[in-house]
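Overview (structure and organization)
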Amino acid sequence: MAFWGDYHTHTVYSHGSGTVEDNVAAARERGLKAVAITDHGISGFPENMHPCDLPAFFADVKRARDLYPDMTVLAGVEANLLDAGGTLDMPDGAEDMLDLIICGYHRARFPDTLGSLFGFWLPNALAPKSSARRRAKNTDAYIRAMQRYRVGIIAHPLREITCDLKALGEAAREYGVYIELNSKKCLLTREDFETLAATGCSFICDSDAHSPGRVGDFSAAEQLDAAGLDRTLIANWNAFPHFRDKI
């Protein structure tokens, strides 16, 4: 038994250190059958992919597919959750071009509007683990993103933002979205794993690699093991995960 693919990796198109080809080659060297290139939100914000980069990005993905025909190479994005309405930072039309959309919250991604600043970003930045009301609002934001976009993965839950894991897991199960076990920094406790598993949602384990050397790091799965849960709950454990193809 082994992991099929790594579905969260970054390149020089955001703030990774390697190229698309570097990441694909690293995944193949580690015996993987698939890899997704998921640079940060297509916004032009510092350390995020710029909309004008998209033609070169897709060309690099195609080149890697041609060079490594035995690998499944997905063109994706780790889009930033910007506001309580579930807005993600992708230009119009980008969603239809991408194989995979990851939804993640990043405090470093400053909001585009005053409403987002005062209604979402500042409350989470100043008191990231504050009230039940804030948890509910953040959870609703994730759920609205799943409803509005073809989100395939919720990235690194509880990093920089609080939410109701039970409600998040139930929504993820309903919409066919995977909850990520992030090997860069997984903050889920044993109780959190049990809460999510009880909802019937599925996990996906990824490296969140920002360098080719970390592609294929699935160490977060060990925390699931420690919680006494079976690795068959992980969609990319010896299987190809099925990402959403429509809303």
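Heads up: the structure comes first, above all this text.
Residues numbered from 1 in each chain as written. Predicted model: local features only at pLDDT ≥ 70, side-chain atom pairs only at ≥ 80, totals over all residues. Heavy atoms only, no water.

In this section: the overall build of the protein chain. A tally of helices and strands in the protein chain yields eight helices and seven strands. Burial analysis of the protein chain (247 residues in total) assigns 53% to the buried set. Across the protein chain, the fraction of contacts at a sequence separation of at least 24, relative to all contacts at a separation of at least 6, is 73%. For the protein chain, the exposed surface amounts to about 10400 Å²; the carbon and sulfur share of it is 52%. Across the protein chain, the 26 positively charged side chains and the 34 negatively charged ones have centroids separated by 4 Å. (Helix = DSSP H or I, 4+ residues; strand = E, 2+ residues; numbered from the N terminus. Buried < 20%, exposed > 50% of the residue type's maximum accessible area, 1.4 Å probe, protein only. Contact = heavy atoms within 4.5 Å. Areas by Shrake-Rupley, 256 points an atom, 1.4 Å probe, with all protein chains shown as cover. Lys, Arg positive; Asp, Glu negative; His and termini not counted. Charge placed at Lys NZ, Arg CZ, Asp CG, Glu CD.)

Moving on: unusual backbone geometry. Residues other than glycine seldom take positive phi values, yet Leu-158 does so here, at roughly 80°. In this structure Leu-158 comes out as buried when scored by relative accessible area, which is 18%. Notably, Asp-208 is not glycine yet its phi reads approximately 55°, a positive angle. Mapped onto the secondary structure, Asp-208 falls in the loop between β7 (203-206) and α8 (221-226). Classification of Asp-208 as buried rests on a relative accessible area of 2%.

This next bit is on the pattern of salt bridges. Scanning the entire structure with this criterion turns up eleven salt bridges. Between Arg-190 and Glu-194 there is a salt bridge, and its shortest N-O distance comes to 3.4 Å. Note that Arg-190 and Glu-194 are positioned in helix α7 (residues 190-198) at a spacing of four residues, about one turn of the helix. By relative accessible area, which is 47% here, Arg-190 ends up partly exposed. You can call Glu-194 partly exposed: its relative accessible area is 38%. Between Asp-217 and Arg-214 there is a salt bridge, with the nearest N and O atoms lying 3.0 Å from each other. Residue classification places Arg-214 among the partly exposed positions, given a relative accessible area of 24%. (Salt bridge = Lys/Arg side-chain N within 4 Å of Asp/Glu carboxyl O.)

Strand order in the open sheet formed by seven strands is β1-β2-β3-β4-β5-β6-β7, with parallel pairing between adjacent strands. Each having just a single partner strand, β1 (5-9) and β7 make up the two edges of the open sheet. Between one strand axis and the next, the sheet turns by 30° as a mean value, whatever way the strands run. Direction of pairing for strand β5 (residues 151-154) relative to strand β6 (residues 178-182): parallel, over a ladder of two bridges. The residue bridging Ile-153 from the neighbouring strand is Tyr-178, located in β6. Those strands touched by helix α2 (residues 54-67) are β2 (34-40) and β3 (72-80), and its axis lies near 150° from that of β3. (Pairing = 2+ DSSP bridges. Axes fitted to C-alpha atoms, helices over the stretch in contact; angles between N-to-C directions.)

Another point: the layout of surface pockets. Its volume calculated, the largest pocket comes out at about 250 Å³. Around the largest pocket sit 18 residues that line it, and His-15, His-40, Glu-47, His-106 and Ala-108 are the ones nearest its centre. (1 Å grid on protein atoms, 1.4 Å probe; cavity = no way out; pocket = protein on both sides within 12 Å on 5 of 7 lines; lining within 4 Å. Points joined across faces, edges and corners; volume = space filled by probe spheres on them.)

Mapped onto the elements, Phe-240 comes out in the segment after α8. Setting aside residues no more than four positions away along its own chain, Phe-240 makes contact with Trp-4, Tyr-7, Thr-72 and Ala-235.

Let's shift gears to the side chain of Ser-183. With respect to the helices, strands and loops of the structure, Ser-183 is situated in the loop between β6 and α7. Overall, the relative accessible area of 11% leaves Ser-183 in the buried class. In this structure the side chain of Ser-183 is engaged in a polar contact, spanning 3.2 Å, whose partner is the backbone nitrogen of Ser-219. Once residues within four sequence positions are removed from consideration, Ser-183 is found in contact with Cys-205, Asp-206, Ser-207, Arg-214, Asp-217, Phe-218, Ser-219 and Ala-220. (Polar contact = N/O pair within 3.5 Å; in protein donor to acceptor, adjacent residues only side chain to side chain.)

Of all the residues in helix α6 (residues 165-175), the buried ones are Leu-165, Leu-168, Gly-169, Ala-171 and Ala-172. The arc that holds every buried residue of α6, seen down its axis, measures 165°, which confines them to one face. Against α5 (132-148), β5, β6 and α7 lie the buried residues of α6. Its side-chain oxygen 3.0 Å from the backbone nitrogen of Lys-166, Asp-164 forms the N-cap of α6. Directly beyond the C-terminal end of α6, a positive phi value near 75° is found at Gly-176. (Arc of directions from axis to C-beta.)

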